[in-house]
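Inside the fold
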Amino acid sequence: MTKAALIPALLAAALLAAPLAVASGSASAASGTKAGAGLVVDAPPPPAAGQHAQSGDIGGIQLLMVEQRGCYYCGQWDTQIFPAYQHTEEGLAAPLLRVDLAGPYPDGLALARAPRFTPTFILLDDGAEIARIEGYPGDNFFWPQLRQLLARAGIDIGAEGGT
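To start, this report covers the structure provided alongside it. (Residues numbered from 1 in each chain as written. Predicted model: local features only at pLDDT ≥ 70, side-chain atom pairs only at ≥ 80, totals over all residues. Heavy atoms only, no water.)

Thoughts on the overall build of the protein
Each helix and strand counted, the protein has 6 helices and 5 strands in total. Burial status across the protein gives 42% buried among its 163 residues. Counting contacts in the protein only where the partners sit at least 6 residues apart, residues at least 24 apart contribute 64% of the total. (Helix = DSSP H or I, 4+ residues; strand = E, 2+ residues; numbered from the N terminus. Buried < 20%, exposed > 50% of the residue type's maximum accessible area, 1.4 Å probe, protein only. Contact = heavy atoms within 4.5 Å.)

Examining helix H6 (residues 139–152)
Counted at 1.5 Å a residue, the expected span for H6 with its 14 residues is 20 Å, and the 21 Å between its end C-alpha atoms agrees. Within H6, burial applies to Phe142, Trp143, Leu146, Arg147, Leu149 and Leu150. The buried residues of H6 all sit within an arc of 160 degrees when viewed along its axis, so they share a single face. The exposed residues of H6 that point more than 90 degrees off its buried face are Asn140, Phe141, Gln148 and Arg152. Packed against the buried residues of H6 are strand S2 (61–67), helix H3 (72–80), helix H4 (82–85), helix H5 (89–93), strand S4 (120–125) and strand S5 (128–134). The first or second residue beyond H6 is Gly154, which carries a positive phi of 85 degrees. (Expected span 1.5 Å × (residues − 1). Arc of directions from axis to C-beta.)

Digging into the environment of Ala112
Among the secondary structure elements, Ala112 is positioned in the loop between strand S3 (96–100) and S4. Assessed through its relative accessible area of 46%, Ala112 is described here as partly exposed. Ala112 sits 19 residues away from Ala131 along the chain, and the two C-alpha atoms are 8.7 Å apart.

Considerations on the pairing of S2
In terms of residue burial, S2 counts as a mostly covered element, since 7 of its 7 residues are buried. Side chains Ile61, Leu63, Met65 and Glu67 project from S2 onto one buried face, and the interleaved Gln62, Leu64 and Val66 project onto a second face that is buried too. Direction of pairing for S2 relative to S4: antiparallel, over a ladder of 6 bridges. Residue pairing for S4: Met65 is matched across the bridge by Phe121. Two strands pair when backbone bridges link them, and S2 and S3 are joined in this way by 5 bridges, in the parallel orientation. Across the sheet, the residue bridging to Met65 is Arg98, located in S3. (Pairing = 2+ DSSP bridges.)

What to know about the packing of aromatic side chains
Taken as a whole, this structure holds 9 aromatic pairs when the rule is applied. The interplanar angle of 75 degrees and the centroid separation of 6.0 Å between the aromatic rings of Trp77 and Phe142 together place this pair among those described as edge-to-face. Of this pair, Trp77 sits in helix H3 while Phe142 sits in helix H6, and the two are 65 residues apart along the sequence. This pair shows no difference in class: Trp77 is buried, exactly as Phe142 is. Here the aromatic residues Trp77, Phe82, Tyr85, Phe121, Tyr136, Phe142 and Trp143 are joined through ring pairs into a cluster of three or more. Over the ring of Phe82 we find Arg98; its NZ or CZ atom is 5.0 Å from the centre of that ring. (Phe/Tyr/Trp six-rings, centres within 6.5 Å; stacked < 30°, edge-to-face > 60°. Lys NZ or Arg CZ within 6 Å of the ring centre and 35° of its normal.)

Listed below in structure tokens is the structure:
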């Protein structure tokens, strides 16, 4: 392994070893008063227009998608779900932010633990993790799982939702 490749590998290993708190300038994020520790990412552009998480993008209810280049199941999600997501009740209730597993993450996140798998979908409320889906179970199972996450946030989409 070259020296240039070793540094990102060590950084990724350190990120996966323990969750981090990402300071946002607010005492609550730095002191851990939000649920868990924080982490965030910036991914290569998705096939269609998706908003990439950046500093200052955290607020309200959002769905953070953690992905990485070459991820087969991320590609499946992009093909099966992404084209319609922003037009569904779920997508309107929880706008999508996309981040790369390797980072960087936006300031102000409070995650229960560092994402380790792609895709990981993390429902956020003002940057604090409410719940997550690790992996992509396919379009028949994704929508019901997402509705369950939204229900935890007090958002009732109903039985049909984005399907």
